[in-house]
Amino acid sequence: MRIHLTNVFVDDQEKALRFYTEVLGFVKKHDVPAGEDRWLTVVSPEDPHGTELLLEPSGHPAVRPYKTALVEDGIPAASFAVDDVRAEFDRLRRLGVRFTQEPLETGSVTTAVLDDTCGNLIQLVHTP
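Residues numbered from 1 in each chain as written. Predicted model: local features only at pLDDT ≥ 70, side-chain atom pairs only at ≥ 80, totals over all residues. Heavy atoms only, no water.

(A) Structural view of the overall build of the chain. From N to C terminus, the chain includes three helices and eight strands. If you list the helices and strands of the chain from N to C, you get β-α-β-β-β-α-β-α-β-β-β. Radius of gyration (C-alpha) of the chain: 15 Å, near the 14 Å computed for a compact globule of 128 residues. Residue burial in the chain is summarised as follows: out of 128 residues, 34% are buried. In the chain, the proportion of contacts linking residues at least 24 apart, taken out of those at least 6 apart, comes to 51%. As displayed, the chain offers around 7,800 Å² of accessible surface, 52% of which is attributable to carbon and sulfur atoms. (Helix = DSSP H or I, 4+ residues; strand = E, 2+ residues; numbered from the N terminus. Rg over C-alpha atoms; globule rule 2.2 N^0.38 Å. Buried < 20%, exposed > 50% of the residue type's maximum accessible area, 1.4 Å probe, protein only. Contact = heavy atoms within 4.5 Å. Areas by Shrake-Rupley, 256 points an atom, 1.4 Å probe, with all protein chains shown as cover.)

(B) The sheet that holds strand S8 (residues 121–126), seen in detail. Read across the sheet, four strands follow the order S5-S8-S7-S6 without closing on themselves; strand pairing throughout is mixed. Here the strands that pair on one side only, and so sit at the sheet edges, are strand S5 (78–81) and strand S6 (99–106). Ignoring strand direction, the axes of neighbouring strands in this sheet form an average angle of 20 degrees. Across six bridges, the pairing between strand S7 (residues 109–115) and S8 is antiparallel. Counted as the bridge partner of Ala112 is Leu124 from S8. Against the sheet, helix H3 (residues 85–94) engages S6, S7 and S8, with an angle of about 165 degrees to S6. (Pairing = 2+ DSSP bridges. Axes fitted to C-alpha atoms, helices over the stretch in contact; angles between N-to-C directions.)

(C) Region of interest: the nonpolar core. Counting residues in hydrophobic clusters, the biggest one holds 26 residues, and the most contacted among them are Tyr20, Leu55, Phe80 and Leu114. For this core, the secondary-structure elements that each account for two or more residues are strand S1 (5–10), helix H1 (13–23), strand S3 (37–43), strand S4 (52–57), S5, H3, S7 and S8. Tallying contributions element by element places H1 first for this core, with five residues. If sequence neighbours within four positions are ignored, Phe80 has contacts with Tyr20, Leu24, Phe26, Leu53, Ile122, Gln123, Leu124 and Val125. (Core = buried A, V, L, I, M, F, W, Y, C linked by side-chain atoms within 4.5 Å.)

(D) Highlighting the side chain of Glu52. Locating Glu52 in the fold gives a position in strand S4. In this structure Glu52 is buried but unpaired, with Lys29 as the nearest side chain of opposite charge at 4.2 Å. In contact with Glu52, other than residues within four places in its own chain, are His4, Leu5, Thr6, Lys29, His30, Thr41, Val42 and Val43. (Lys, Arg positive; Asp, Glu negative; His and termini not counted. Salt bridge = Lys/Arg side-chain N within 4 Å of Asp/Glu carboxyl O.)

Structure representation (structure tokens):
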């Protein structure tokens, strides 16, 4: 068994697609009309057949309070592995990304948390 698909709820799919591809560096995998919305997924360019991230519309009534509670409590909606948290932090800061947690080393793990501009906090993590 392996993870095939996971999601983040986004306020605006087009804005999310731009952020996740142009800023974070993912690539679009699927973009299929689904009523008023789209089945819109991105993947890592390093693993194009790997786990897909669904940029899912936030339309369901339960999503807004869920996302608000996570952000208010500083809880990331997703965690992305990177080779060097500090380097990604520096690269993304230069691109104007807002971080809610600068790189933090806790034992052998380094993390940072960013705002994805679509209503979510995203954790960057490196483990040896």
